[in-house]
Amino acid sequence: MAEQTTFPESPGTPGALPAGPPGEPGPLTEDRPDKPDAAVVRDALGVGVAVGLSGFAFGVTSAGSGLSLLQTCVLSLLVFTGASQFALVGALAAGGNPYTAAAGAFFLGIRNAFYGLRLSQLLALPRAVRPFAAHWVIDESTAVTLPQPTRRAARIGFTVTGLTLYVLWNLTTLVGALGAEALGDTDAWGLDAASPAVFLALLAPMLRSTVERVTAGLAVALALTLLPVLPAGVPVLLSALAAPVVLFLMGRAKGSADGSDGEDGGDEGLGDDGGHGNREGHGTDEEHGMDGDHENVAERKKRGERPV
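Residues numbered from 1 in each chain as written. Predicted model: local features only at pLDDT ≥ 70, side-chain atom pairs only at ≥ 80, totals over all residues. Heavy atoms only, no water.

Novice: What is the right way to look at the overall build of the chain in this model?
Specialist: Summing up its helical and strand segments, the chain has 13 helices and 0 strands in all. In the chain, which comprises 308 residues, the share counted as buried stands at 32%. The long-range share in the chain, meaning contacts at least 24 apart out of those at least 6 apart in sequence, stands at 68%. (Helix = DSSP H or I, 4+ residues; strand = E, 2+ residues; numbered from the N terminus. Buried < 20%, exposed > 50% of the residue type's maximum accessible area, 1.4 Å probe, protein only. Contact = heavy atoms within 4.5 Å.)

Novice: Could you clarify how one ought to interpret the environment of Thr159 in this entry?
Specialist: Assignment of secondary structure puts Thr159 in helix α9 (residues 151–183). In this structure, the C-alpha to C-alpha distance between Thr159 and Thr145, residues 14 residues apart in sequence, is 9.1 Å.

Novice: Where do I start with the layout of surface pockets in this structure?
Specialist: Over the atoms, a rolled probe matching the size of one water molecule traces out where space is still vacant. As a volume, the second largest pocket reaches approximately 290 Å³. Forming the boundary of the second largest pocket are 19 residues, of which Gly116, Arg130, Ala133, Ala134 and Val137 lie nearest the centre. Elements supplying a minimum of two residues to the lining of the second largest pocket: α6 (111–123) and α7 (130–134). The element that contributes the greatest number of residues to the lining of the second largest pocket is α6, accounting for 6 residues. (1 Å grid on protein atoms, 1.4 Å probe; cavity = no way out; pocket = protein on both sides within 12 Å on 5 of 7 lines; lining within 4 Å. Points joined across faces, edges and corners; volume = space filled by probe spheres on them.)

Novice: Explanation requested: helix α1 (residues 37–52) in the structure shown.
Specialist: Since one α-helical turn is 3.6 residues long, residues separated by three or four positions face the same way. For α1, with 16 residues, the first-to-last C-alpha span of 22 Å sits near the 22 Å given by 1.5 Å per residue. Where α1 is concerned, the buried positions are Ala39, Val40, Ala44, Gly48, Val51 and Gly52. (Expected span 1.5 Å × (residues − 1).)

Novice: Would you explain the packing of helix α2 (residues 55–64) against helix α4 (residues 82–93) in this entry?
Specialist: In a packed pair of helices, the relevant descriptors are the angle between the two axes and the axis-to-axis distance. Between α2 and α4, the least distance of the axes is 9 Å, while the angle of their chain directions is 20°. In terms of axis orientation, α2 runs roughly parallel to α4. Between α2 and α4 the crossing geometry is left-handed. The residues of α4 that touch α2, namely those facing Ala57, Phe58, Thr61 and Ser62, are Gln85, Phe86 and Val89. Of the residues that constitute the contact of α2 with α4, the class distribution is 4 nonpolar, 3 polar and no charged. (Axes fitted to C-alpha atoms, helices over the stretch in contact; angles between N-to-C directions. Parallel < 35°, antiparallel > 145°, perpendicular 65-115°, else oblique. Left-handed = near helix turned anticlockwise from the far one by under 90°. Nonpolar A, V, L, I, M, F, W, Y, C, P; charged D, E, K, R; others polar.)

Novice: Mind showing me how you'd approach a nonpolar patch on the surface here?
Specialist: Together, Phe106, Phe107, Ile110, Phe114, Leu117 and Leu237 line one region of the surface with nonpolar side chains, adding up to about 640 Å² of accessible area. Residue assignment for the nonpolar patch shows that the elements contributing at least two residues are α5 (98–109) and α6. (Patch = residues over 30% accessible without salt bridge, like charges linked within 9 Å, V, L, I, M, F, W, Y side chains within 5 Å. Areas by Shrake-Rupley, 256 points an atom, 1.4 Å probe, with all protein chains shown as cover. Salt bridge = Lys/Arg side-chain N within 4 Å of Asp/Glu carboxyl O.)

Novice: Can you help me understand the side chain of Asn170 in this one?
Specialist: For Asn170, the position within the fold is in helix α9. Polar contacts involving the side chain of Asn170 include one to the main-chain carbonyl oxygen of Tyr166, which spans 2.7 Å. Not counting chain neighbours up to four residues away, the residues in contact with Asn170 comprise Cys73, Ser76 and Leu77. (Polar contact = N/O pair within 3.5 Å; in protein donor to acceptor, adjacent residues only side chain to side chain.)

Novice: Is there a simple way to explain the packing of aromatic side chains in this structure?
Specialist: Each aromatic ring pair is specified by the distance between its two centres and by the angle formed by the two planes. Tallying each qualifying case throughout the model produces 6 aromatic pairs. For the ring pair Phe58 and Phe86, a centre distance of 5.6 Å and an interplane angle of 85° mean the geometry is edge-to-face. Residue Phe58 is found in helix α2, and its partner Phe86 is found in helix α4; the two are separated by 28 residues along the sequence. Taken as a pair, Phe58 and Phe86 share a single burial class, namely buried. Where Phe80 meets Tyr166, the ring centres are 4.9 Å apart and the plane angle is 85°; that geometry is what we call edge-to-face. Taken together, the residues span a long stretch of sequence, with Phe80 in the loop between α3 (69–78) and α4 and Tyr166 in helix α9 at a distance of 86 residues. Through successive ring pairs, a cluster of aromatic residues spans Phe58, Phe86 and Trp169. (Phe/Tyr/Trp six-rings, centres within 6.5 Å; stacked < 30°, edge-to-face > 60°.)

Shape descriptors only; they carry no functional weight alone.
Shown next, in the form of structure tokens:
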């Protein structure tokens, strides 16, 4: 474990992470005190053990989809991103094209790259360690790391979660694959439902906002609608269109709301312009009246009359 770094911009919290750009919420505030190392380890172990045991379901599903024991274990060792692994073997089990299944798994796992952009700033690991740490950048390690109040706690949380989950996931994958071979036909046991059940269990806690729930619901509707008419694996890829559709509809709704406000403001502006116009009109009349009075005085002087 690398030595702890202290940041002067976070007074009152030794070793605290920087608060980020002005006007934006940083990774910690003054009301987030230091967290004991034992508490960080406890939380990390809880997540690692709970999720790591689900590797058994992946081993069973992978073996049931036709992958060999070696292929199943190598997939967990090298890929190590549960949702993508389940998507891959699920598409293969449904008879999908291997390239289509791999493409779906790739696009599902690319989210880890965005996790890495944030974690690289929080952890600030040495360059020699980063390639190995990148293999552990997944949903669970990110979820444990981000809330930590100090860099030391973040590194402990990331390391313990990643190590525990990696070891357990691969062990339970091996056990599940061996068990599937002993059970024979996994469809007869109903184990083909393990893949979608675990995937939904991993996905559901991430859907926190209304927009995310609507996007997920639309994606499910697209996948179920296209499933009978397209090859296996393709509906999953096309369901990603739900995200731009929801964003487009949100933009239209926001634009309509802004347009309504703009129309109201335009009426008020016209009213102001009209008022200014009326005042300018009155001012012009007054100026004409004054000019007329000056002309009358001049004419009276010419005629020798006494001006009024």
